[in-house]
Amino acid sequence: MARVGPVTIHDLPAELISHAFSYLNTIQLIYAARVCRQWRDLGLEHPTFWKNLTFYRATSGMFALLKARMNQGRGRPCHLRVVIVGTHPLIIPVLIRELLPAIMPRAVTLEITLDADYDQELSNILKLPAPNLVEFARCSQVPLVPEIFGTGTTSKLQILRLVGAPLPEVTIPAIRSITTLSIHHYTPEDTTFPPATLEQLQHLTSLTFSSPRVELHTPLSANFIKLLTRLDLLEVYCPHSIVKSFIQAVPSSCLSAIRTVRVLFGGELGSDLLHGLLTPLRSPFHLAIQRADTTIFSISLQDERSGFVRTFVEPLPNYYCKPDGNEMANSLFRNVEIASQLSTVTVSVSVWPHLIPYLRNFSSVGTLIVEYDWLSDYAPRPQRLPAFPFPGIGSSGWSGLTTLVLQSRQDFVDVNALDVLAFLDLMIAQRCKTLELRRVRVIDKMDLLSERFKSVVSFAECLWPSEGQFTPGAVEWTREM
C-alpha cells in the first residue's frame, strides 16, 4: 500500500545518500555530516573521509583532523599525501613521530614533500615496514637509504617517484619489484644516467628521467640495454645534446622494442634523431599536436597498426614566428613522405594559431581532430573554433579532408553550428561531409549541419587515444543526413 503523508529527505535510502556523498570533497563532506546524526554516521564512514588523506598545511587543526580521519579508517587501506612548505613545531612530534608510524602499515600510496630540515627524522620513519605500499613519491635531495621500508622486499611496491635526488648506486631491496620509476633531478649539480641501481630492477616497464644537468657514460652497459628492451614507456627529459647521445648509444633493435618513447626535442638536433626514433613505426600514421603545459606542447606520431608512439616535447615559443627560416621547428613538419602517409591529425585549439602554419604539407589528410584542451576550461562558453585560416585564401586548402572531429579532452563543451561551418570555410574543405562530436554539443541551429554534412555522429567519450591509449566510447546518437 502506498505511504500516506509527507516524504522528507530522511526517507531517502542510506545507499542513495552515500552515493550523493561521493560527489563531495572532504570539507564539503564534513559540513554535510553536521546536518543530522544519520548524515554524520554516513559521512564519517564514507571513504571520502577516511581513505584519501591530503594535507597542504601544518596547523594543529589539520593534524587533529588527520588523526580523526585515520581513526575512522580503523586500519583499512588508505592513501596519504603530505605537501607542506616551511616549518612548524608540530611536524616532528605529531606528523613524523606519531601519525606516519601509525599509517605506514596500511598505506597503499604515500607521497611526502617536507622542508629539508625534516629529512633526517623522516628517513628514520621511512625505515619502518610498509607491507601494503603500492606507490611511493618523495620530494627531497636526500637519496633513498637501502633500509627504506624495512630490510625485506616490499613485494607490493610497484611505483616509485623521486623528485630532487637520483637513486643511490646501492642495492635497495624494497624497490626490486617496482614496474614504474620516475626520477626528476632539478638541482644544478650534475647527476649520472643511469645509476647502477637501475640495472637491478628486473620488473621495470616504465622509466622517466628528467635532469637539467646530467652526465651520460657511453657505451651503455649490456644489462642496461637489456632493461630498456623490456620497457613499454621511456621518457627522457634532458638537454638536447644528452638526448641525442642517448638515442645514438641505444641499439636500434632496442628502440624498436619500446612501445612509447617521449623525449625533449630541439630543432638544431636535425633529422638524425628523428630517424633513430621513428624507425619502428610504419604507416598509416596519426599525428597529434597537443598542449602539455603553459609554454610546452608535444608532437606525437603513432603507428595505427602497432600502437607504437614517438613523442617530442618542445617549447611553444619556438613556433611564435613564421615557418620559413625557423631552424627551431621540428623537421617532421618538412617531411613530405610522412605527410603523405598520415590518415589523421589532431591539433589542440590552444596551439592552433602557432602550429597550423607549419602543416602546409598535410593538407591531403582525410580526418582532422580539433581538440579542446585543458585551457578551454578558462574560455568563454560556447567554445569558439580557431579562426586562424590555413593555408589561406586562394590556395587549395585541405582538399583531402572528408571528416571533421570536434573533441573535448576533459568535460563536455558547447559549440555553435555557425562556427563549425565558418571553420570549414576557412579550411577550404569542400569534400568534408562527415562531422563527429566527441564530448562536444551543438547548442543551436542543427538544421544547418544537416544541409552541410551527410552524417553527424556524437560520442559520449573520446575515441582517439589519449597519451597513446585507446578508450572505448559510447554512441550517444547518430544522424544520417
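Fair warning: this is a prediction, and the values are worked out from it, not measured in the lab.

Attention now moves to the overall build of the chain. Across its full length, the chain holds 15 helices and 22 strands. For the chain, the residues scored as buried account for 51% of the 481 residues in total. Put simply, of all contacts in the chain between residues at least 6 apart along the chain, 64% involve residues at least 24 apart. Accessible surface for the chain amounts to roughly 22300 Å². Of this, 55% is attributable to carbon and sulfur atoms.

This brings us to the packing of helix 5 (residues 60-73) against helix 6 (residues 91-103). Each pair of packed helices can be summarised by the angle the axes make with each other and by the distance between the axes. Between helix 5 and helix 6, the least distance of the axes is 11 Å, while the angle of their chain directions is 15°. The angle between helix 5 and helix 6 places the two elements in the roughly parallel class. Of the two elements, helix 5 crosses helix 6, and the hand of that crossing is left-handed. For the pair helix 5 and helix 6, contact is made by Phe63, Leu66, Lys67 and Met70 and by Ile91, Val94, Leu95, Glu98, Leu99, Ala102 and Ile103, respectively. When the residues that make up the contact of helix 5 with helix 6 are grouped by side-chain class, the tally is 9 nonpolar, no polar and 2 charged.

Here we come to the packing of aromatic side chains. Enumeration according to the criterion identifies 8 aromatic pairs in this entry. On the basis of an interplanar angle of 85° and a centroid distance of 5.2 Å, the ring pair of Phe297 and Tyr319 is categorised as edge-to-face. Of this pair, Phe297 sits in strand 13 (residues 296-303) while Tyr319 sits in the loop between strand 14 (309-315) and helix 12 (336-339), and the two are 22 residues apart along the sequence. Ring geometry for Tyr319 against Phe333: centres 6.1 Å apart, planes inclined by 80°, an arrangement best described as edge-to-face. Of this pair, Tyr319 sits in the loop between strand 14 and helix 12 while Phe333 sits in the loop between strand 14 and helix 12, placing them 14 residues apart in sequence. For the pair formed by Tyr319 and Phe333, the shared burial category is buried. Each member of the aromatic cluster is reached from another via a ring pair, and the members are Phe297, Tyr319, Phe333, Tyr358 and Phe362.

In this section: the pairing of strand 3 (residues 107-113). Within strand 3, 6 of the 7 residues are buried, which leaves the element mostly enclosed by the surrounding structure. When strand 2 (residues 78-83) meets strand 3, the two strands line up parallel, connected through 6 bridges. In the sheet register, Leu80 faces strand 3, and the bridge partner there is Leu110. Taken together, strand 2, helix 6 and strand 3 form a β-α-β motif whose crossover is right-handed. The sheet contact formed by strand 3 and strand 4 (residues 135-139) spans 5 bridges and is parallel. In the sheet register, Ile112 faces strand 4, and the bridge partner there is Arg138. Each parallel crossover has a hand, and for strand 3 linked through helix 7 (residues 119-125) to strand 4 it is right-handed.

Where charged atoms of side chains with opposite charge meet at close range, the side chains can pair. Enumeration over the complete set of coordinates arrives at 11 salt bridges. With a closest N to O distance of 2.7 Å, Glu121 and Arg97 form a salt bridge. Placement of Glu121 in helix 7 and of Arg97 in helix 6 is noted, with a sequence separation of 24 residues between them. Residue Glu121 is classed as partly exposed on the basis of its relative accessible area of 23%. We note a salt bridge from Arg138 to Asp119, for which the minimum N-O separation is 3.1 Å. Of the two residues, Arg138 sits in strand 4 while Asp119 sits in helix 7, which places them 19 residues apart along the sequence. Here Arg138 falls in the buried class, since its relative accessible area comes to 7%. Looking at Asp119, the relative accessible area reads 11%, which means it is buried.

Further remarks concern the side chain of Thr208. Note that Thr208 resides in strand 8 (residues 206-210). For Thr208, a relative accessible area of 7% corresponds to the buried category. Beyond its immediate sequence surroundings of up to four residues, Thr208 is in contact with Leu181, Ser182, Ile183, His184, Glu235 and Tyr237.

Moving on to helix 6. Count 3.6 residues to each turn of an α-helix, and residues three or four apart come out pointing the same way. Compared with an ideal rise of 1.5 Å per residue, which puts 13 residues at 18 Å, helix 6 spans 15 Å between its outermost C-alpha atoms and falls more than 12% short. Listed in full, the buried residues belonging to helix 6 are Ile91, Val94, Leu95, Ile96, Leu99, Leu100 and Ile103. For helix 6, the angular spread of the buried residues around the axis is 155°, confining them to a single face. Where the residues of helix 6 are buried, they touch strand 1 (52-55), helix 5, strand 2, strand 3 and helix 7.

To continue, consider a nonpolar patch on the surface. A surface patch of nonpolar side chains, about 240 Å² in accessible area, is lined by Ile9, Leu12 and Leu16. On the secondary structure map, Leu12 appears in the segment before helix 1 (14-21).

Another aspect to go through is the pairing of strand 1. Only one face of strand 1 is buried: it carries Leu53 and Phe55, and the other face, with Asn52 and Thr54, is open. Note: strand 1 against strand 2, 4 bridges, orientation parallel. Residue pairing in the sheet places Thr54 in a bridge with Arg81 of strand 2. With helix 5 bridging strand 1 and the parallel strand 2, this β-α-β connection has right-handed handedness.

Moving on, we get to the environment of Leu66. Residue position: Leu66 is located in helix 5. Residue Leu66 is classed as buried on the basis of its relative accessible area, which comes to 1%. Along the chain, Leu66 and Phe55 lie 11 residues apart, while their C-alpha atoms are 8.3 Å from each other. Leave out the neighbours within four places in its chain, and Leu66 touches Leu53, Phe55, Leu80, Leu95 and Leu99.

For the chain, the average pLDDT comes to 83, and 88% of its residues sit at 70 or higher. Considering only residues more than four positions removed or in separate chains, one finds that residues 462-481, a stretch of pLDDT under 50, has 58 contacts.

Each value, and the rule that gives it
Residues numbered from 1 in each chain as written. Predicted model: local features only at pLDDT ≥ 70, side-chain atom pairs only at ≥ 80, totals over all residues. Heavy atoms only, no water. Helix = DSSP H or I, 4+ residues; strand = E, 2+ residues; numbered from the N terminus. Buried < 20%, exposed > 50% of the residue type's maximum accessible area, 1.4 Å probe, protein only. Contact = heavy atoms within 4.5 Å. Areas by Shrake-Rupley, 256 points an atom, 1.4 Å probe, with all protein chains shown as cover. Axes fitted to C-alpha atoms, helices over the stretch in contact; angles between N-to-C directions. Parallel < 35°, antiparallel > 145°, perpendicular 65-115°, else oblique. Left-handed = near helix turned anticlockwise from the far one by under 90°. Nonpolar A, V, L, I, M, F, W, Y, C, P; charged D, E, K, R; others polar. Phe/Tyr/Trp six-rings, centres within 6.5 Å; stacked < 30°, edge-to-face > 60°. Pairing = 2+ DSSP bridges. Right-handed = clockwise from strand over helix to strand, strands pointing away. Salt bridge = Lys/Arg side-chain N within 4 Å of Asp/Glu carboxyl O. Expected span 1.5 Å × (residues − 1). Arc of directions from axis to C-beta. Patch = residues over 30% accessible without salt bridge, like charges linked within 9 Å, V, L, I, M, F, W, Y side chains within 5 Å. pLDDT = per-residue confidence, 0-100.

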